[in-house]
Amino acid sequence: MRGVLQVKLFKKISLVAVTSVMLVSSALVGAVSAAPSQLSGKITVNGSTALLPLTLQAAKEFQKLNPKVKVAASGKGSVTGPQAVKKGIADIGACDWDASMDVPGFKAFSGQVANKVAVIPFATVVNNNVKVTDLSTDQLKGIYSGKITNWKDVGGDNADIVVITRAFGSGTRVNYQSKALSGGDITKKEKNYKEVGSSGDMKTAVATTPNSIGYIDLVYVTSDLKAVKFNGVAASTDNVINGSYKIWAYGYYMTKGQPTGATKAFIEYVQSSKFQQSSLKKLKFIPIAAMK
Amino acid sequence: MGTPAQSFATKDELLTKPMGSNRFNRYARVHFSNKLFKFYALFSIFALCFVLGLVIFFIGKTALLTFQHVSVAEFFFSFDWTPEEGRFGAALFIINTLSLTALTLVIAVPISVGMAILIAEIAPTWFKNLVRPVLDLLVGIPSIVYGYLGLTVLIPFLREISGENLGDGLLAAALVLTLMILPTICRISDDAISAVPKKYRDAAYAMGSTRIQVIMKVILPAAGRGVVAAIIMGMTRAIGETMAVVMVIGNTAQLAKSFFSPTSVLTSNIVMQISNVDFDSPWNYALHMMAFLLLLISFALILFIRFLGRKGGDLT
Amino acid sequence: MSGFTRTPKITRSIRLNKIATVGFYTLGILVLTLIFWLLYTILSKGLPSLSWGFLTKLPEEMDVGGGIGPVLFNSFYILGISLALSIPIGIGAGIYMAEYAPKNKFTEVLRICVESLASVPSIVFGMLGLAIFASYFQVGLTILGGAVSLAFLNLPMLARVTEESIRAVPVDVRNASYALGTTKFQCIRTVVLPIAMRGIITGICLVAGRAFGESAVILLTAGLSTSGEMWDFNLFSPGETLAVHLWYVQSEAIVEDAKQIADRSAAVLVLVVLLINLLFRIPLWISNRKLKM
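Calculation rules
- Residues numbered from 1 in each chain as written.
- Chains lettered and ligands numbered in written order.
- Predicted model: local features only at pLDDT ≥ 70, side-chain atom pairs only at ≥ 80, totals over all residues.
- Heavy atoms only, no water.
- Contact = heavy atoms within 4.5 Å.
- Buried area = accessible area lost by both parts, 1.4 Å probe.
- Polar contact = N/O pair within 3.5 Å; in protein donor to acceptor, adjacent residues only side chain to side chain.
- Helix = DSSP H or I, 4+ residues; strand = E, 2+ residues; numbered from the N terminus.
- Nonpolar A, V, L, I, M, F, W, Y, C, P; charged D, E, K, R; others polar.
- Salt bridge = Lys/Arg side-chain N within 4 Å of Asp/Glu carboxyl O.
- Buried < 20%, exposed > 50% of the residue type's maximum accessible area, 1.4 Å probe, protein only.

## A word on the interface of chain A and chain C
Each partner contributes to the interface: chain A provides 40 residues, whereas chain C provides 34 residues. When the two sides are added together, the surface that chain A and chain C hide from each other amounts to roughly 3,300 Å², 61% of it contributed by carbon and sulfur. Where chain A touches chain C, the interface holds two residue pairs in polar contact (both at pLDDT 80 or more). Listed by contribution, the elements that provide at least two residues to the side of chain A that touches chain C are helix 1 (2–12), helix 2 (16–29), strand 1 (41–47), helix 3 (52–65), strand 2 (69–73), helix 7 (199–208) and helix 10 (273–282) of chain A. In terms of residue class, the side of chain A that touches chain C is built from 18 nonpolar, 13 polar and nine charged.

This is how it looks when you write it as structure tokens:
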């Protein structure tokens, strides 16, 4: 596949200046052989930024084992993953939900296979000045739909609640809405409401804005902000594994049909217990084997 | 490039035989290079236009699909942007973009042009040599660093003085943008002001003008087109800036009612949403339409400023 | 003061002049303080912990102590290619606008084209690069795609600055040159360009600085990863640059020392821009000195 594309490219642009470099690259990329020991080729991964640290780490280890394989990764948003796969821009589309099925806001991508690679726990976070330590599904629903606007209504100080949320379509938001708000709305408000573009921005915004509430991957929770309990259960890896904490989701690698060649080997590497039990755990994701 | 070179070669052969050919040969070569250079310059400007054409083609192609799903009137005049429910009113972003640009220019132009005058006219040489490279440094600071500082330093400060809970909004964005376009406006106006011939100044001083009079009545009008160009460059950067604005503006699709209400402009909305939409959805088309609109708006603003510049400036 | 009476009007003018001078200096000092505070904030967080290892090591995803080696290299590589592509064309276009363009409607249109192109948000160039390289040519996220898209971004600014600097060259100089029988090209090459060089180099510095810190374009066209080795000159490798790495570290990275890496990367970015300015300017200073002698 890639070999053909490379040839197509040769036809399309004949830049003399880069030919020598391209010859080297096509020698590396051109011949996609199926021999498992001598895997070669180029794998492009696009999609969810939340899965990017995992992909980059896996790519690094995988390239060490298979020096002839190049893994290029990029991230924009979850839905970019399966779309890039559909368009043929990427071989693997990282996505925070199973894109082969309908989810609120997005239609299913037919013909794509979802490969589970990790479990991602999420947490409700508040600024350190907020006294509340536990919020129920109904309270969260009230806060995000705009019905509850003051912390004193949920057991805190008399102060306005500042809602910070991810943009519509963010994988974190899709999962948080379906797991923590059980499908409830996140309503735009005129004041005390803002949207942020990434987990890092969410962390900074909640950490620096008094009386704010937001949600984020559990990995990013540090002493700068506070994770609150959900229906009385603390957000922790153990509680996700024992089934009491409900706000978590699988992270997926979407492929066009069943993966083959280097792509298949790469996904298998990510799913292997060697990677799952060491690097993936160190990155504070939860191995897929831990869930029943 | 092949054909003119060849025609030159044949001419060259014809001319080598007779006496005095050396002179003639050189003459032909000089004229050929003269022609070639003009051709090259023309080629360059067309290459530039070609890039603009590419942008218009690639973005416009997708953008126009919007109107298969949304009526033109709704897109341009509705204030309701709820794409998840199929309502695509972009009017609020257009107005917000214009207000943000205006607010930014109101703050940035006096400061930047004032700095340029200080550097070019008033300050001693050592001061100039210090400030110029420092200003160039500012351009190189990545926009996300500005955004991050805006989020962690400026916004808490604004929150403090305004008593708001959040502090995000037009004012925060305009202040960050001011800092970002300051070097652009300042450096280009500085060059324009420095280029005003010394004789103008001498003439004005000889008439007994004070320095401020020389600056206001002679130098600024003489440097008018350069300063206008500088403002346009700054403004276009302000309109197109995304990564920093998105961190301090609040990203809420509503009309900005005050300096501190969280709001959204064309760029920030594009960058927030483009990564999270289906390629083949009206939503994506609408975002492309907004990118296209951004082009049209800056186009209109450029015309407007040129018009102002022609009325007030060009006394040369 | 002999033979010179101070009318109230003159007194007023002189007072106004003093006030204005003080005003300009106050403004200058305020702005400079702000700028130095900004630079201090950025540099003081990153510089002290900067080490050679950080500049040359590979980035890490889970262990502390990762470096920025390949991304720093990519930054220079992409900047170099994009400048090599855009400087000749940008300056050529600027020369056309200043020297050759006749004063008519068509030229006005061209000028507005240049200015509109300057206002195209960087993210749109990113979208364009993605459409051309990833969708049309199917090469994926590459250094080449990033460099070309970045060159698009540089073009209008280069053209604009070149035009302004060339226009600032006095007519007398040109006339003198033509009087010696030079062709237009000779006049431009030997007289106009050397005089305008100072302004053009300012422009190149501004463009290079901006391009070096640009993240939106590279993010979409060159990707968020590197090939994982230093000195990879392959144009078809993924080409994460330092600015993109900074964005990534600030927004998504989960490695423990992400904050320090971000601070250091920001400091390195600013330092490099400083270096670019010096590098471009030193030859200029030397030639200036020669001129004075």
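## Overview of the pattern of salt bridges
Residues and elements named next belong to chain B. Following the criterion strictly, the structure yields 19 salt bridges over all chains and no others. The residue Arg 132 makes a salt bridge to Asp 190 at a minimum N-O spacing of 2.7 Å. A residue pair is termed long-range when its members are at least 10 positions apart, and Arg 132 in helix 5 (residues 125–140) and Asp 190 in helix 7 (residues 170–194) qualify at 58 residues. For the pair Arg 132 and Asp 190, one class covers both residues: buried.

## Observations concerning the interface of chain B and chain C
The parts lose accessible area when they come together, and the size of an interface is often stated as this lost area. Listed as interface residues are 86 residues of chain B and, on the opposing side, 88 residues of chain C. Between chain B and chain C, roughly 7,600 Å² of surface is buried when both sides are summed, and carbon and sulfur atoms account for 79% of that area. Three residues stand out in chain B for area buried against chain C, namely Phe 37, Leu 48 and Leu 137 of chain B, and they jointly supply 8% of the buried area on that side. Linking chain B to chain C there are zero salt bridges. For the pair chain B and chain C, the number of links is five residue pairs in polar contact (both at pLDDT 80 or more). Ranked by residue count, the leading element in the side of chain B that touches chain C is helix 2 (residues 21–63) of chain B, at 22 residues. Split into classes, the residues belonging to the side of chain B that touches chain C amount to 58 nonpolar, 17 polar and eleven charged.

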